[in-house]
Structure formats: C-alpha cells, structure tokens
Amino acid sequence: MSELFEKLTIYFEYPFVRYALITGVLIALCSSLLGVTLVLKRFSFIGDGLSHVAFGAMAVAAVLNLTNDTIIVMPVTIISAILLLNAGQKAKIKGDASLAMISVSSLAIGYLVMNIFSSSSNLSGDVCSTLFGSVSILTLTQSDVILCTIFSIIVIVVFCIFYNKIFAVTFDESFARATGIKASAYNLIISITIAVIIVLAMNLVGSLLISALIIFPALSAMRIFKSFKSVILFSAVLSVVCTVLGIIISVLMGTPVGSTIVAADLVAFLICSLAGTIKKGVRI
C-alpha cells in the first residue's frame, strides 16, 4: 500500500496529472448538477444527441487545423441544443426523430470529412480518441484547464442563480408557466448549459461517453435519495469521487481515461442500486 501511495505522489508531481484531475473534477461537478434535471425532465436524449454533434464539429475543426477547436465546436453545439429543444416542442418533428436525424447526420458527416480532408497519418487513432476520449492525459494543457475553469464557474453560477426556477420547471412545467415562470426560457438555459458541459468533456471522456458522465450519477443518487436537493448533492459528490478514482486508476494501470471513469460510474450505480434495494427492504 505504501508503494502505491509513493507512486501516486510521484505522478502528482507532473503538471499533466494535476491538469487532468482539476479538469475532471470541474466537468464531473457541472455535469452532475444538470444531469439530475435532464433525467427528471426526460431530456436525457439532448446530451446524447449533442455529443454526436460535437464530434462532427470537432472533425471539421481538425480538418481546418484550428489550434482551438472550441471556436467552432461551442457555437455549433449550442445552436444544435436550441434546435433540438424547439424540435422537441413542435408537432412536425418529434423529439426522438430530431435526435436520430441530428446525431446520426453529425457522426456521418464528421467521419466523412475526416476521411476525405484529413492529412493525419493516424486517422483511426484520431477518430477513436475523439469518440472515446484521449488515451493519454498528456493531451491536456494549461490553456485547457483555464478554459474549463472559466466555463465551469459560469455553469455553476448560472445553476445556483436559477436554482429555484430550474426546480419549478423540472417538476411541473405547466404549473411553473401558470405562476408566470417563463419555462421555455429556462429550458433554453438548461440546453445551452448542457451544450457547454459536453464541449468541455470531449477531451476527457470522448463524445460517445459523455452521456454516461451526465446520467449515471443522477440515476445512482435517485436510487437512494428522494428530495431534489439531496439527489443533486449526492450526485455531485459521487460524480467527483468516481472521476477522481477513474483518473487515478487510469494513471496507475495505463487504461483510457474516459472508459475508466465511466466504468467507475457504472460500479457506483450498481452499488447504489443495491443500497437502495436494501434501504427499501429495511423500511418494510
């Protein structure tokens, strides 16, 4: 055990390991806050669809050799979030149909663009890294950490300021509208915030695994707690713990960061499900 701690101490002396931990904790915290709202409102499809859109936008940015792909990825993902929300509320194109249309098209176009225009000698590696996260945490830089910190603070502040409104819209949108709350505006805020989180999480867990980072902590918390505040707090703590654990295991074992974090979230979900079952049995 002492050798393990010594090894971790040595690894933590490297800046890229600290960058990965800081970025991972911030992303985990932000995604868990909005994840509860998405699950309760049955908006989980937005996270999945937007992650595919982000892949397409990132593929275009890679072909254009942009040093900062956020310039393209962020606006495109936010616009798609607005389109998905509006499509889900219209009768012409249902939410699930618009999800399938946008996500599949984005994946196809992104991969097609990378195949036709990419000059990279390792195309399959680039695609795999984008879909499933960077295989090495060496890819995170100080600028990535600064950018992630700024956007994470914005997300947390927005959530705290509009907490009561988000709570009202989450549980009873019709009643919220009747009391004068502009539900459509707060749904828009939720969608845009999720879009920002997805863009931030791309480098850590990849476009195909982002949904798990958003949904798993919320589902795990709901297995044990019932109140909105308790679920959010436990979800945030659990998400951060699983992310830190996943990064540490990834560093020690040399496994992909994103997959390891999601595996930790899955194990936590199974444990919480068992705990919830036992808790119900004790009450009976």
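Computed from a prediction, not measured in an experiment: that's the story for all the values here.

Participant: Go over the environment of Ile192, please, and point to the residues and values.
Facilitator: With respect to the element layout, Ile192 can be found in helix α10 (residues 183-205). Distance in space between the C-alpha atoms of Ile192 and Ile82 is 7.2 Å, their sequence separation being 110 residues. The residues contacting Ile192, other than those within four sequence positions of it, are Ile78, Ala81 and Ile82.

Participant: For the packing of helix α2 (residues 15-40) against helix α11 (residues 210-222), give the residues involved together with the corresponding values.
Facilitator: Each pair of packed helices can be summarised by the angle the axes make with each other and by the distance between the axes. The N-to-C vectors of α2 and α11 enclose an angle of 65°; their axes lie 7 Å apart at closest approach. By the angle between their axes, α2 is roughly perpendicular relative to α11. With respect to the hand of their crossing, α2 and α11 are arranged in right-handed fashion. Here Ile27, Ser31, Ser32, Gly35, Val36, Leu38, Val39 and Leu40 of α2 lie close against α11, whose contacting residues are Leu213, Ile214, Ile215, Pro217, Ala218, Leu219 and Met222. Among the residues forming the contact of α2 with α11, the class breakdown is 12 nonpolar, three polar and no charged.

Participant: I'd like a description of the packing of aromatic side chains, backed by residues and values.
Facilitator: In the structure shown here, the tally under the stated rule is six aromatic pairs. Seen in terms of ring centroids, Tyr163 and Phe228 are 5.8 Å apart; in terms of plane orientation they differ by 40°. Their pairing is tilted. With a gap of 65 residues between them, Tyr163 in helix α8 (residues 163-171) and Phe228 in helix α12 (residues 228-253) connect regions that are remote in the sequence. Relative accessible area serves as the criterion here: at 22%, Tyr163 is assigned to the partly exposed category. The class of Phe228 is buried, set by a relative accessible area of 5%. Between Phe216 and Phe269 the ring centres are 5.8 Å apart and the planes differ by 55°, which places this aromatic pair in the tilted class. Of this pair, Phe216 sits in helix α11 while Phe269 is found in helix α13 (residues 257-283), placing the two residues 53 residues apart along the sequence. The exposure classification of Phe216 matches that of Phe269, with both residues buried.

What counts, and where the lines are drawn
- Residues numbered from 1 in each chain as written.
- Predicted model: local features only at pLDDT ≥ 70, side-chain atom pairs only at ≥ 80, totals over all residues.
- Heavy atoms only, no water.
- Helix = DSSP H or I, 4+ residues; strand = E, 2+ residues; numbered from the N terminus.
- Contact = heavy atoms within 4.5 Å.
- Axes fitted to C-alpha atoms, helices over the stretch in contact; angles between N-to-C directions.
- Parallel < 35°, antiparallel > 145°, perpendicular 65-115°, else oblique.
- Left-handed = near helix turned anticlockwise from the far one by under 90°.
- Nonpolar A, V, L, I, M, F, W, Y, C, P; charged D, E, K, R; others polar.
- Phe/Tyr/Trp six-rings, centres within 6.5 Å; stacked < 30°, edge-to-face > 60°.
- Buried < 20%, exposed > 50% of the residue type's maximum accessible area, 1.4 Å probe, protein only.

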